Amino acid sequence: MDPDSLVSVVDDDESVRESLPDLLRELGFAAQAFSSAEEFLASDYVGQTRCLILDIVMPGMSGPDLQLELTCRRQPIPIVFITAHGDEAVRSRVLERGAVECLFKPFSETALLDAVQTALRVS
Amino acid sequence: MENELTRVVNAIPGFVWSAAPDGSVDFLNQRWCDYTGVSLEDARGSGWQTAIHPDGAPRFLDDWRSLLESGEAGQFEARFRRFDGTFRWFLISAVPLRDEAGDLVRWYGQNTDIDDRKRAEALLAGEKRLLEMVAGGCSLTVVLEALCELVEDAASGSYCSVVLVDPSGTRLEHGAAPSLPVSFITSIIGRPVNVESGPCAMAAYLNEQVIAADLTIETRWESYTWCPMALAHGLQACWSTPISSTAGKVLGAFALYYDEPQRPTSVHQSLIEQFTHIASIAIERAQSHARLTRSEAFLAEAQHLSSTGSFAWRAATDEIAWSEQLYRIFEFDQGVPVTLELIGRRVHPEDAPMWHEMIDRARSDGRDVEYELRLQMPDHSVKYLHVVAHGARNQDGQLEYIGAVQDVTERRLSEAALDKVRSELAHVARVASLGALTASIAHEVNQPLSGIITNASTCLRMLAADPPNVAGARQTAQRTIRDGHRASDVIVRLRALFSKKDATTEAVDLNESTREVIALTWSELQRSRVVLRTELGDNLPPVTGDRVQLQQVILNLLLNAAEAMRGVDDRPRQLVIRTERDEGDRVRLTLQDAGVGFEPHGVDRLFEAFYTTKRGGMGIGLSVSRSIIESHHGRLWAVPNDGPGATFSFSIPCGAPDVMGAHNVRAIATPAVTEVEHVMRDE
């Protein structure tokens, strides 16, 4: 496990927060889960995070809001968006704004691994 | 010889007299003297005239003078007083005797007693007059009073009354008694029909004649002290006879009273028989007339209530009889003579050719007709009529149609409204439910699927590790199962919302129903960045209704609220759903949004078909929602908020016995819902 390659997961869905970090750890990454964008921003992990797996629709600050916020803070963390809404328009918008990938739930392990590795290379 | 002649003259049944040419009487036979009690001496000259009834005297003297002047044989009638003061009618026949020169020498005459004939004639005339009154529609009281007066004339010294038996057959009612004291009548009216309460009640009760010839020694009706009461009014005899209908039902009693003890003679009995018969005709006629009037009133009312009028049309002459209700339907002035030309002026121009064809065909083949016809009224409104007519030949062989016309305008209009609702609902189902809901449903299913795949991948990796992480694998496998159930729950909820076919009435927990709808739309609300606050009241009583229909309403309101806030960025997209008890044992659900709202005067338009303030919005569901709530005896309304947005509420009674019209709404809703279901299955 490489502590430098911390992958943070921000999703309001509990089952994602439970399952995704476990899989990421199995894939060899360090992982942390957060239930909201606000919780992530308030944590000590923002600076360490090399890849952000971010839900798009959340109560309060949304995924794209957080993306914008990080850009403003000049903390450009590579972002892999995940969403249960198969909305192509949203996908292309977030990709335009610099997201590494946007995965539609449910996504395969391979797709996840590819996206995270791409993100880490960027980082 | 002279004696012989005198014997003959006195033996003749009647009065014989002779008079001078100037009319002064010089001879009257003994019978005349015996009858009048006036002696020949007193009667000579014009003394006999004192025996003439004073009422008829002037007329009689005119007739007498004309006779004398004419010098011709003649006859006339007059009443003469008998020695005991009673009067009888006589026919006076006078013949002139002339000498050879033709000069009038003497008058000879004979008076014949015609009193019995006169009485019979008077009774007959009276009876005829009574029957004419009955036939002419005089009121029963007037007829019975005339009858009493006639009987009192015929049976001198009598007081006559008629009492009626009330419709229930238990009490006496007033009929007529023109000559009896009011206090006597009022003490009889209302007495029960039995053997105890009095002679009339007894006669009516037993349906047989009751004769009380001497009330001073009468012992019946003591418990009702009837005799003392009658005696106090100066009455000492009473003969009561039941009045029966032709069917044998007792209608009342006919009574004759006298102020001294008396027993009926056969003359009295035939009088009684004759007049109880006439009274029964009058009463039966009055009762059947009342029944007829009532049934005519019923008919008119029924025509009014059912918006149905009736008509008769004689094809050969075009005579038309038109019911009151038809005048109203056609908006003709009551009583205006109705002609085909007049009717034609009301027929809708587009229907006029068809109408003329119907008339021509009816005229020629005489078959029954049934058709729909539109009228164009003077104010250009349109009425829809359903016409049914039966053709038949009358006694003269002429073709006559009798028909009914029903104004079905309201039915037509509500059918049109129903069609509108139907198409609206189809639209709602397609646009609102499919557009917004499928995204939400996809999200709800994708979320657990994602968990399942992730957990399964993790599980495999943990098992493939060396050494295998069995504990971790077990945990992730358990999570897989949990997420599988979660996906399955979504499907269960969906099935509950969409797969029902028949309207049911059940106890519905509005809070739970609301939570289910929120669960289904949760992700849609989140995606729309709606901040939802739920304030579901505690201890909310269940409402009686159709759960699915109510959930469809909540769903519509929820999606509408989210839609209304789509463009809002300067404030939180706050949506409050509240349930609470409402006044009058009702439950209220309120949705308060912070959206674009609506103009206060636009409230009514909100509920119109296809009205929406939002581009691509879903305002289309509101009128359907309202009709569903109204079918639950409830009310759906909207008010603009003080601040931004609007508040939609509905209030429905708890435990309404029956969801009226739920079937109608279901009938409309089913095809649309089925359609949704099919589309969803296809995708």
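This report concerns the structure included in the present document. None of the values given here were measured: they were computed from a predicted structure.

**Considerations on the overall build of chain B**
Counting its regular elements, chain B contains 20 helices and 22 strands. The buried share among the 683 residues of chain B stands at 33%. The contacts of chain B with a sequence gap of at least 6 include a subset with a gap of at least 24, amounting to 57%.

**Let's talk about the environment of E372 of chain B**
Residue and element names in this part refer to chain B. Considering the arrangement of structural elements, one finds E372 in strand β13 (residues 369-376). For E372, a count of 12 C-beta atoms within 10 Å gives the class exposed. In this structure the C-alpha to C-alpha distance between E372 and M354, which are 18 residues apart in sequence, comes to 9.9 Å. Apart from the residues within four sequence positions on either side, E372 is in contact with Y384, L385 and H386.

**Observations concerning the interface of chain B and chain A**
Facing 23 residues of chain B, the contacting portion of chain A comprises 20 residues. It is helix α14 (residues 409-464) of chain B that provides the largest number of residues to the side of chain B that touches chain A, a total of 16 residues. Looking at the side of chain B that touches chain A residue by residue, the classes come out as 6 nonpolar, 12 polar and 5 charged.

**Focus: the nonpolar core**
Of all hydrophobic cores here, the largest spans 54 residues; its most connected members are L144, L147, C200, C238, A279 and A282 of chain B. Here this core gets 8 residues from one element, more than from any other, and that element is helix α10 (residues 266-305) of chain B. In contact with C200 of chain B, not counting residues within four places along its chain, are V163, L172, I188, S240, A253 and A255 of chain B. Core analysis: the next-biggest nonpolar cluster, separate from the first, contains 36 residues, V16, L24, I77 and F81 of chain A among them.

**Description of helix α13 (residues 352-365) of chain B**
Here α13 of chain B is 14 residues long and its end C-alpha atoms lie 20 Å apart, about the 20 Å a rise of 1.5 Å per residue gives. Taken from the residues just after α13 of chain B, G366 of chain B is the one with a positive phi, measuring 65°.

Criteria and cut-off values
- Residues numbered from 1 in each chain as written.
- Chains lettered and ligands numbered in written order.
- Predicted model: local features only at pLDDT ≥ 70, side-chain atom pairs only at ≥ 80, totals over all residues.
- Helix = DSSP H or I, 4+ residues; strand = E, 2+ residues; numbered from the N terminus.
- Buried ≥ 20, exposed ≤ 12 C-beta atoms within 10 Å, placed from the backbone.
- Contact = placed C-beta atoms within 7 Å.
- Nonpolar A, V, L, I, M, F, W, Y, C, P; charged D, E, K, R; others polar.
- Core = buried A, V, L, I, M, F, W, Y, C linked by C-beta atoms within 7 Å.
- Expected span 1.5 Å × (residues − 1).

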